Amino acid sequence: MAMTQLIYWSQPFGFDDAMLDGILLQARRNNARDGLTGALIARADIYVQLLEGPPAAVAATYACIARDDRHLAVTKLSEIATSTRLFPAWTMRDDQAPSLVWSAADVAAGAPDNLPPAAVRAVFERLAVAHAA
């Protein structure tokens with residue numbers, strides 16, 4: 001089955017635990033309905049998300065995220081066709097990213113825009129291995 005894997009990043013607007021819980025609840029419900037899986041790396045200064053599933057569902061979800069006022073400067077980093085999922089068991093895996101991924105200074109300097117898409121995808125590959133289910 002042809003699938004799309006899309007990675008984007010954005011800046012959170014009004015980030016707190018309650019907002020993150022709301023995003024995750026909504027994402028898990030909608031993704032289960034739409035056949036999507038993925039992971040969200042979230043911190044007060046950055047969201048980086050990988051969405052995977054049917055191309056039309058990924059595109060529609062990304063369009064909703066781009067309009068969501070909880071995200072600023074939504075930027076697509078990569079979009080590829082794939083036949084396998086990195087997160088097949090997760091309607092939305094969440095990871096409150098430690099500074100091991102990107103420091104606050106890295107984010108302020110433009111990460112992950114300044115990295116090749118493969119390097120950003122590698123972060124999700126490590127996350128998938130660490131949390132294999």
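In this report, the structure presented in the accompanying data block is examined. (Residues numbered from 1 in each chain as written. Predicted model: local features only at pLDDT ≥ 70, side-chain atom pairs only at ≥ 80, totals over all residues. Heavy atoms only, no water.)

**So, the overall build of the chain**
Put simply, the rule reads: A helix here means a DSSP run of H or I that spans at least four residues, while a strand means a run of E at least two residues long, and both kinds are numbered starting from the N terminus. Atoms counted for the radius of gyration: C-alpha only. Globule rule: 2.2 Å times the number of residues to the power 0.38. Exposure classes here rest on a 1.4 Å probe applied to the protein chains alone. A residue is buried below 20% of its type maximum, exposed above 50%, and partly exposed in between. Two residues form a contact once any of their heavy atoms are found within 4.5 Å. Here the accessible surface of atoms and residues is derived via Shrake-Rupley with a 1.4 Å probe, and residues count as covered only by protein chains that are part of the display.
A count of helical and extended segments in the chain gives four helices and five strands. Walking the chain from its N terminus toward its C terminus, one meets helices and strands in the order β-α-β-β-α-β-β-α-α. Whereas a compact globule of 133 residues would reach a radius of gyration of roughly 14 Å, the chain reaches 14 Å, a difference of no more than 12%. Considered along the principal axes of its C-alpha atoms, the chain spans approximately 40 × 30 × 25 Å. Counting across all 133 residues of the chain, residues that qualify as buried make up 44%. Of the contacts formed within the chain by residues at least 6 apart in sequence, a portion of 80% connects residues at least 24 apart. Carbon together with sulfur atoms contributes 59% to the accessible area of the chain, which is approximately 6500 Å² in total.

**Examining the pattern of salt bridges**
If charged atoms from side chains of opposite charge come close, those side chains can pair. What counts here: Salt bridges are counted wherever a side-chain nitrogen of Lys or Arg sits within 4 Å of a carboxyl oxygen of Asp or Glu.
Taken as a whole and assessed by the stated rule, the structure comprises five salt bridges. With a closest N to O distance of 2.8 Å, Asp45 and Arg43 form a salt bridge. Residue Lys76 is joined to Glu79 by a salt bridge in which the shortest nitrogen-to-oxygen separation is 2.8 Å. Relative accessible area serves as the criterion here: at 40%, Glu79 is assigned to the partly exposed category.

**Re the side chain of Arg43**
Put simply, the rule is: The definition of a polar contact used here is a pair of N or O atoms within 3.5 Å, where within protein one atom must be able to donate a hydrogen and the other to accept one, and adjacent residues in sequence count solely through side-chain atom pairs.
Locating Arg43 in the fold gives a position in strand β2 (residues 37-43). A polar contact of 2.8 Å, which involves the side chain of Arg43, links it to the side chain of Asp45.

**Let's talk about the environment of Arg93**
Considering the arrangement of structural elements, one finds Arg93 in strand β5 (residues 93-95). Accessibility expressed as a relative area gives 15% for Arg93, which makes it buried. Residues Arg93 and Leu20 lie 73 residues apart in sequence; the distance between their C-alpha atoms is 12 Å. Among all residues touching Arg93, those that are not within four sequence positions of it are Gly38, Ala39, Leu40, Phe87 and His131.

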